[in-house]
Amino acid sequence: MESQRQHPGITLAVLSIGGLSFALLQSLVAPALPDIQHTLHTSESTVAWILTAYLRSASVATPIIGRLGDIHGKEKSLLVVLAILAVGTLISALATSIGTMIIGRVIQGVGGGIFPLAFGIIRDEFPARRVAGGIGLMSAILGVGGGLGIVLAGPIISSLNYHWLFWVPLVTVVLSAVLTYFFVPESPIKAPGRINWRSAALLSGGLAALLLAVSETSTWGWGSPKTIGLILIGLVTLIAWVGNDLRARHPLVDMTVMRSRPVWTTDLVAFLLGAGMYSSFIVLPQFVETSTGTAFGFGASVTGAGLFMVPLTIAMIVIGPLAGPLQGRFGSRLPLIVGCGFAAAAFAMLAVAHSRPLEVYFAAALLGIGIGLAFAAMANLIVEAVPADQTGVATGVNTITRTVGGAFGGQIVATIIAGGGSPTESAFVLAFSVIAGSLVLSIFAALAIPRPRSRGNQAMAPGELVGAESG
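Residues numbered from 1 in each chain as written. Predicted model: local features only at pLDDT ≥ 70, side-chain atom pairs only at ≥ 80, totals over all residues. Heavy atoms only, no water.

Moving on: the overall build of the protein chain. Looking only at helices and strands, the protein chain features 23 helices and 0 strands. Relative to the globule expectation of 23 Å for 471 residues, the C-alpha radius of gyration of the protein chain, 21 Å, shows essentially globular dimensions. Principal-axis analysis of the C-alpha atoms gives the protein chain an extent of 60 × 45 × 45 Å. Buried positions account for 59% of the 471 residues belonging to the protein chain. Of the roughly 17700 Å² of accessible surface on the protein chain, a fraction of 69% belongs to carbon and sulfur atoms. Charged side chains in the protein chain number 24 positive and 19 negative. The centres of these two groups are separated by 7 Å. (Helix = DSSP H or I, 4+ residues; strand = E, 2+ residues; numbered from the N terminus. Rg over C-alpha atoms; globule rule 2.2 N^0.38 Å. Buried < 20%, exposed > 50% of the residue type's maximum accessible area, 1.4 Å probe, protein only. Areas by Shrake-Rupley, 256 points an atom, 1.4 Å probe, with all protein chains shown as cover. Lys, Arg positive; Asp, Glu negative; His and termini not counted. Charge placed at Lys NZ, Arg CZ, Asp CG, Glu CD.)

Here you go:
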């Protein structure tokens, strides 16, 4: 049994199942929101909380869980997270009212901690030659699950009902928890210290205020005093969090690590890439579902819209495992730059060519290649740049930065498309162009990441680059 517990291939498979469960729950409900709204007799603004409550909860919980894993053990923390995720998913699966479903979604958001814990386990347990590939595959799982959720939503809703949007992932969550108990080893590397709950409260409050403001812009408007006020409150609270962690004996996040150039530039790329990826989950299905009575759109059903995301999902599945060999040959910086370029090219193409389904399929494939390369490289860059006992919290911060970027990007795109009423072709073109612009900026941010000083640098112990590349 002990030899099985130490097998990297089995460990990676188990971690992937858990990551896929969380990613499916993130996107599976999005195409089904109109059906849920009708079935539960609620408003459009209320049903949107099924998605936004999940993302907010994940953003708040992810870095805290990453830190708990660094301190108390990653395998133990992963088991607790999977158990909480299962409870939240069960609540939503049984829900017959919108309030109960939202409560379940808030609890499910804790599952965001799966990814930083998985990255830490891979780093601690895998042979050095397999770390980059393992982290690359786990990173790709987040995008793969997102695309797969959109593909599966239509058939589940048309053949069954909204309850099965949660029953299906619940099976994989429970399976992942059982397999984790038997086959995932406890990481030997732990960070001395404790959770700084004041910092946790400040970080949580700041993120919650920002995400609430952004998610309500469709109702309040970007220029509303409530929107501007909440954004300011969120920013001030996050500044207070940084100040508290700089002074604290046991910071939630080591700011010496976070302000090192390899880390903050990678987090900036995560914000800009997140804006592009999450926007694609909104704009592409909505575009292809637009009635053929207009001068654009293909009149696709929910199921048909999901099929347009298949090339994206396949591309990520293919690219993820290649992260290891690419990182070994070129380092992580170049694949990140190239990935940002592919993603930007996808939306630049859509801005000028979107009249035929083949063009959308091709753009989705380009986007999948770009996200697959970039997500894998980002996670590896963070792991390479921080000490082993900071892996969980550092990758957690990178994950929430991507989520916050996605919240801003998604709402900006939704505002553009909504315009003055019915979506127009010019509104979609503008949305494609804005996303492309964000992804072009991510290329420049990736170029700002320091180059390794030599090929020998890539063999340095993880975290040694923090001091070497600070500032």
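Further remarks concern the packing of aromatic side chains. All told, the structure shown has 14 aromatic pairs when counted by the stated rule. Ring geometry for Tyr181 and Phe182: centres 5.1 Å apart, planes at 85°, overall edge-to-face. Overall, the relative accessible area of 52% leaves Tyr181 in the exposed class. A connected cluster of aromatic rings, assembled from ring pairs, spans Phe287, Phe296, Phe298, Phe308, Phe347, Tyr361, Phe428 and Phe432. (Phe/Tyr/Trp six-rings, centres within 6.5 Å; stacked < 30°, edge-to-face > 60°.)

This part covers the pattern of salt bridges. What the rule picks out here adds up to 2 salt bridges. The salt bridge involving Lys74 is made with Asp124; its shortest N-O contact spans 2.9 Å. With Lys74 in helix H6 (residues 74–94) and Asp124 in helix H8 (residues 114–125), this residue pair connects regions lying 50 residues apart in the sequence. Judged on exposure class, the residue Lys74 and its partner Asp124 are both buried. (Salt bridge = Lys/Arg side-chain N within 4 Å of Asp/Glu carboxyl O.)

With that settled, consider H8. Its 12 residues place the ends of H8 16 Å apart at the C-alpha level, agreeing with the 16 Å of an ideal helix rising 1.5 Å per residue. With 12 of 12 residues buried, H8 is to be regarded as a mostly interior element. Those residues of H8 lying buried are Ile114, Phe115, Pro116, Leu117, Ala118, Phe119, Gly120, Ile121, Ile122, Arg123, Asp124 and Glu125. Looking at the buried side of H8, the elements it contacts are helix H2 (8–27), helix H5 (49–72), H6, helix H9 (128–159), helix H20 (357–385) and helix H21 (391–418). (Expected span 1.5 Å × (residues − 1). Contact = heavy atoms within 4.5 Å.)

The end-to-end C-alpha separation of helix H13 (residues 225–247) is 33 Å, in line with the 33 Å expected for 23 residues at 1.5 Å each. All buried positions along H13 are accounted for by Thr227, Leu230, Ile231, Gly234, Thr237, Leu238, Trp241, Gly243, Asn244 and Asp245. For H13, the secondary structure elements touched by its buried residues are helix H11 (197–215), helix H12 (217–220) and helix H14 (255–258). Two or three places before Lys226, at the start of H13, stands the capping residue Ser224, its side-chain oxygen 3.1 Å from that residue's backbone nitrogen. (Polar contact = N/O pair within 3.5 Å; in protein donor to acceptor, adjacent residues only side chain to side chain.)

What you tend to see is this: most non-glycine residues have negative phi, and most peptide bonds are trans. Phi at His41 is positive, roughly 55°, even though this residue is not glycine. With respect to the element layout, His41 can be found in the loop between helix H3 (33–40) and helix H4 (44–47). Judged by its relative accessible area of 72%, His41 is exposed.

We now examine the packing of H5 against helix H7 (residues 98–108). Between H5 and H7, the shortest axis-to-axis distance is 7 Å and the interhelical angle comes to 25°. Relative to H7, H5 is oriented roughly parallel. H7 is crossed by H5, and the crossing has right-handed handedness. Residues Trp49, Ile50, Leu51, Ala53, Tyr54 and Ser57 of H5 form the contact with H7, whose own contacting residues are Ile98, Met101, Ile102, Arg105, Val106 and Gln108. Residue classes in the contact of H5 with H7 are distributed as 9 nonpolar, 2 polar and 1 charged. (Axes fitted to C-alpha atoms, helices over the stretch in contact; angles between N-to-C directions. Parallel < 35°, antiparallel > 145°, perpendicular 65-115°, else oblique. Left-handed = near helix turned anticlockwise from the far one by under 90°. Nonpolar A, V, L, I, M, F, W, Y, C, P; charged D, E, K, R; others polar.)

The next point concerns the environment of His72. Tracing the backbone shows His72 in helix H5. In this structure His72 comes out as partly exposed when scored by relative accessible area, which is 42%. Distance in space between the C-alpha atoms of His72 and Ala61 is 16 Å, their sequence separation being 11 residues.

How two helices sit against one another is set out by the angle between their axes and by the gap between those axes. Running from amino to carboxyl end, helix H17 (residues 310–319) crosses H20 at an angle of 30°, the nearest separation of the two axes being 7 Å. Classified by the angle between their axes, H17 and H20 sit roughly parallel to one another. With respect to the hand of their crossing, H17 and H20 are arranged in right-handed fashion. Across the interface between the two elements, Pro311, Leu312, Ala315, Met316 and Ile319 of H17 pack against Tyr361, Ala364, Ala365, Leu367, Gly368, Ile369, Ile371, Gly372 and Leu373 of H20. Partitioning the contact of H17 with H20 into residue classes produces 12 nonpolar, 2 polar and no charged.

The next thing to look at is the environment of Arg261. Topologically, Arg261 is positioned in helix H15 (residues 261–289). For Arg261, a relative accessible area of 34% corresponds to the partly exposed category. Along the sequence, Arg261 and Leu307 sit 46 residues apart, while their C-alpha atoms lie 40 Å from each other. Looking at Arg261, its side chain comes within polar contact range of the main-chain oxygen of Ala448, at 2.8 Å.

Before going further, it helps to examine a nonpolar patch on the surface. Nonpolar side chains collect at one region of the surface, where Val174, Val178, Tyr181 and Phe182 lie side by side and expose about 380 Å² of accessible area between them. For Phe182, the position within the fold is in helix H10 (residues 164–183). Residue Phe182 is classed as partly exposed on the basis of its relative accessible area, which comes to 39%. (Patch = residues over 30% accessible without salt bridge, like charges linked within 9 Å, V, L, I, M, F, W, Y side chains within 5 Å.)

Moving on: the nonpolar core. Among the nonpolar cores identified, the biggest contains 111 residues, and Leu165, Val283 and Leu336 are the most heavily contacted of them. In contact with Leu165, other than residues within four places in its own chain, are Leu25, Leu28, Val29, Ala32, Ile36, Ala153, Ile156 and Ile157. The next biggest cluster of nonpolar side chains, apart from the first, holds 31 residues, and it includes Leu207, Ala213, Ile400 and Phe408. (Core = buried A, V, L, I, M, F, W, Y, C linked by side-chain atoms within 4.5 Å.)

This part is about the confidence of the model for the protein chain. Overall, the predicted model of the protein chain reaches an average pLDDT of 85, with 93% of residues at or above 70. The low-confidence segment residues 1–5, where pLDDT is below 50, has 11 contacts with residues more than four positions distant or belonging to other chains. Per-residue pLDDT stays below 50 along residues 454–471; that stretch engages in 44 contacts with residues further than four places along the chain or on separate chains. (pLDDT = per-residue confidence, 0-100.)

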